[in-house]
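If you want the building blocks of each chain, they are given just below.
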Amino acid sequence: MKNKTMDSRKKRKKKKSKRVLFFVLLSITILFLSLASYATYLYFKAESVFSESYAETTRDKSSLRDVKVDPKFDNISILIIGVDESKNRKNAGNSRSDALMLATLNKDEKSVKLLSIPRDSYVHIPGLGYETRINHAYQSGGTEGTIETVETLLDVPIDYYVKLNFEGFVDVIDSIGTVRVNVPYEITEGSYYGTAKVHLEPGVQKLNGEEALAFARTRKQDNDIERGKRQQEVVKATVQEVTSLDSLFNYEKIIEAVGDNMTTDLRFDEMKSFITYGMEGSNLNFETLTLAGTDYQPGNMYFWKLDEEELENTKRELKEHLEL
């Protein structure tokens, strides 16, 4: 009798274990299918949104390249142009570039070098035929004039460009939630939208979009070089957040925020090649650079006069990273 009772218990346990296993497998299958469906949805969403952001230039390739590069296989460079064109400010088509960064990407190393170019840099602008602040290149020649000026300055091919409006900068970070940066000192800046002032205390903090923009743009207590470093810090923090698992279910918002405020000559198929960099996450080799120089003020105009020796060192470093 005792043996029959034990056998009956064993059978019930086996049935219960099978039911538990079935529901675990069913849950995993449903989760997998949900994630697969979500990934498929995001793919087609991104393809639609980013295809609308595409705006080609008259250049087939950089004049410093023998052949056109393919980001799937080659090291490439991307010029990031931050502009301050806003519906609130009513200055579309008459603005200067407020931020300029050149990113070089090495495919084998999965590494990125991000060079900040101070907006007051005193450089030759081919479209104007004389030297002045580099941010005048966008006002006078638009995207292509800016590309030509940066290529002339650095003697490095610009393969692609990404132009991002500062309103988009705010939207992208808000779609993530916050970015974590180190505020160097107390900052009080006027709001980008003309409402209440943004006030930040010193120290490591998580900032929303408008706070991050105030952090990146201020230069009341330092200079354009430090401002560029803060912009780089925000870019790096944003990349780390976007590539983290925490942002997985915010990707739809991120895609919409970027697409609404971005113009680029990267096609969607070319953008997909950057997934391999994103898979590195926090392990991505991400190095920031800047252009050394000194204050230069002939008359009433202020410029940042670049150090020629350091400029040559920077050119050499970027070329080596691109393996030119």
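Thresholds, definitions, all that
Residues numbered from 1 in each chain as written. Predicted model: local features only at pLDDT ≥ 70, side-chain atom pairs only at ≥ 80, totals over all residues. Heavy atoms only, no water. Pairing = 2+ DSSP bridges. Helix = DSSP H or I, 4+ residues; strand = E, 2+ residues; numbered from the N terminus. Axes fitted to C-alpha atoms, helices over the stretch in contact; angles between N-to-C directions. Contact = heavy atoms within 4.5 Å. Phe/Tyr/Trp six-rings, centres within 6.5 Å; stacked < 30°, edge-to-face > 60°. Buried < 20%, exposed > 50% of the residue type's maximum accessible area, 1.4 Å probe, protein only. Lys NZ or Arg CZ within 6 Å of the ring centre and 35° of its normal. Expected span 1.5 Å × (residues − 1). Polar contact = N/O pair within 3.5 Å; in protein donor to acceptor, adjacent residues only side chain to side chain.

> Just checking my understanding: could you explain the sheet that holds strand 1 (residues 76-83) for this structure?
Strand pairs in the sheet, formed through backbone hydrogen bonds, run parallel or antiparallel to each other. Judged by pairing direction, the sheet is mixed, and its six strands sit side by side in the order 11-6-1-2-3-12 without closing on themselves. In this open sheet, the two edge strands, each paired with only one partner strand, are strand 11 (262-264) and strand 12 (285-290). Sheet twist, expressed as the mean angle between neighbouring strand axes with direction ignored, is 20°. The pairing of strand 2 (residues 97-106) with strand 3 (residues 111-116) spans six bridges and is classified as antiparallel. Bridging across to strand 3, Asn106 finds its partner in Ser111. Lying over the sheet, helix 2 (residues 136-154) contacts strand 1, strand 2, strand 3 and strand 6 (160-165), oriented at roughly 140° with respect to strand 1.

> Any chance you could explain the packing of aromatic side chains here in plain terms?
How two aromatic rings sit relative to each other is given by the distance of their centres and the angle of their planes. The tally for this structure, following the rule as stated, stands at three aromatic pairs. Seen in terms of ring centroids, Tyr296 and Phe303 are 6.1 Å apart; in terms of plane orientation they differ by 40°. Their pairing is tilted. The exposure class assigned to Tyr296 is partly exposed, which follows from its relative accessible area of 27%. Site record: aromatic cluster; members linked through ring pairs are Tyr122, Tyr296 and Phe303. The side chain of Arg133 reaches across the aromatic face of Phe303, ending 5.7 Å from its centre. Directly above the ring of Tyr296 sits Lys305, whose terminal nitrogen or CZ lies 5.1 Å from the centroid.

> What should I look at first to understand the environment of Lys229 in this one?
Looking at the element boundaries, Lys229 is found in helix 5 (residues 224-242). Linking Lys229 and Leu115, residues 114 residues apart in sequence, is a C-alpha distance of 9.4 Å.

> What is the right way to look at helix 9 (residues 308-322) in this model?
Residue pairs spaced three or four apart in an α-helix point in one direction, given the helix's 3.6 residues per turn. Taking 1.5 Å per residue, 15 residues should reach 21 Å; helix 9 reaches 21 Å between its end C-alpha atoms and fits that length. Against the buried residues of helix 9 lie strand 1, strand 2, strand 3, helix 2 and strand 12. Structurally, the start of helix 9 carries an N-cap: the backbone nitrogen of Glu309 is 3.1 Å from a side-chain oxygen of Asp307. Directly after helix 9, the chain includes Glu323, whose backbone phi takes a positive value near 60°.

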